Amino acid sequence: MNEKDLIDSLISEWKEERPELDTSAMEVVGRILKLSKILEKRASKSLSIYNIHYTDLDVLATIRRSGKPYELTPSQLMKSVLITSGAMTALLNRLTKLNLIYRSPDPKDGRIKLAGLTPKGIELIDKSIETRFIEASDSIKTLNKTENIALSILLKKLLKSLD
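Residues numbered from 1 in each chain as written. Predicted model: local features only at pLDDT ≥ 70, side-chain atom pairs only at ≥ 80, totals over all residues. Heavy atoms only, no water.

Participant: Which parts of the structure should I look at to understand the pairing of strand β3 (residues 109-117)?
Facilitator: Taken residue by residue, a regular strand's side chains alternate between the two faces of the sheet. Relative to β3, strand β1 (residues 71-72) is paired through two bridges, and the arrangement is antiparallel. Bridge pairing in β3 links L72 to A115. Relative to β3, strand β2 (residues 101-106) is paired through six bridges, and the arrangement is antiparallel. Counterpart to P105 in the pairing with β3 is K113. The turn joining β2 and β3, which pair antiparallel and follow one another in sequence, is formed by two residues. (Pairing = 2+ DSSP bridges. Helix = DSSP H or I, 4+ residues; strand = E, 2+ residues; numbered from the N terminus.)

Participant: Even after reading the chapter, I still don't get the pattern of salt bridges, so can you show me in this structure?
Facilitator: Counted according to the given criterion, the structure contains 11 salt bridges. With a shortest N-O distance of 3.2 Å, D138 and R42 are connected by a salt bridge. One end of the pair, D138, is in helix α6 (residues 119-139); the other, R42, is in helix α2 (residues 24-47), with 96 residues separating them in the sequence. Here R111 ties to D109 by a salt bridge, and the two come within 2.8 Å at their closest N and O atoms. (Salt bridge = Lys/Arg side-chain N within 4 Å of Asp/Glu carboxyl O.)

Participant: Explanation requested: the packing of helix α3 (residues 54-65) against helix α5 (residues 85-97) in the structure shown.
Facilitator: Contact geometry for α3 and α5: axes closest at 11 Å, N-to-C directions at 80°. In terms of their interaxial angle, α3 and α5 are classed as roughly perpendicular. Residues T55, D56, V59 and L60 of α3 form the contact with α5, whose participating residues are M88, L91, L92, R94 and L95. A per-class count over the contact of α3 with α5 returns six nonpolar, one polar and two charged. (Axes fitted to C-alpha atoms, helices over the stretch in contact; angles between N-to-C directions. Parallel < 35°, antiparallel > 145°, perpendicular 65-115°, else oblique. Contact = heavy atoms within 4.5 Å. Nonpolar A, V, L, I, M, F, W, Y, C, P; charged D, E, K, R; others polar.)

Participant: Would you mind showing me how to read α5 here?
Facilitator: A turn of α-helix holds 3.6 residues, and therefore any two residues three or four places apart point the same way. Between its first and last C-alpha, α5 extends 18 Å over 13 residues, near the 18 Å set by a 1.5 Å rise per residue. Taken as a whole, α5 has its buried residues at M88, L91, L92 and L95. Buried residues of α5 fall within an arc of 100° about the axis and therefore sit on the same side. Considering only its buried residues, α5 is in contact with α3, α4 (74-80), β2 and β3. N99 sits one or two positions beyond α5 and adopts a positive phi of about 60°. (Expected span 1.5 Å × (residues − 1). Buried < 20%, exposed > 50% of the residue type's maximum accessible area, 1.4 Å probe, protein only. Arc of directions from axis to C-beta.)

Participant: Help me understand the sheet that holds β2, please; the structure alone is not making it clear to me.
Facilitator: Strand pairing in a sheet relies on backbone hydrogen bonds. The paired strands run either parallel or antiparallel. Strand order in the open sheet formed by three strands is β1-β3-β2, and the pairing between neighbours is antiparallel. Strands with a single pairing partner mark the edges of an open sheet, and in this sheet they are β1 and β2. On the sheet, α5 packs against β2 and β3 and is oriented at approximately 120° with respect to β2.

Participant: I'm lost on the side chain of S104 in this one. Help?
Facilitator: Mapping S104 onto the fold places it in strand β2. If we skip the residues at most four places from it in the chain, S104 touches E71, I112, K113 and L114.

Structure below.
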């Protein structure tokens, strides 16, 4: 693929201004960062028909994947959802107001409030996750199966080395 993209332009400008810099890593990292923004925007747009945001889906999906009774503690959610604890509290409060989750004391530790899916929350996540998976497939349709597998393996390797 010989078409130039934004990252090529940025790299070219740096090579002009600071030729001694090794820009090769930014050719990968810059594209991953740009892709991340694009993919999150696409995901949010596809979810707008459900009046939820990407982070809402992330929390609802995490609870749904946990299996019955579809309840998790905030700390369990924090392991899967990439937001701060303050943002998590605000998000859980918002989802409660939307009647997508309920909060109840943890029978093992009354100081902890479990987040559980309401029937409305289960219905919403089951519909919206289908939309999300379709959008994800659509976003990588330019890759053939072999490229998809290879990219997945490489990204996993990179993630494991940095996590």
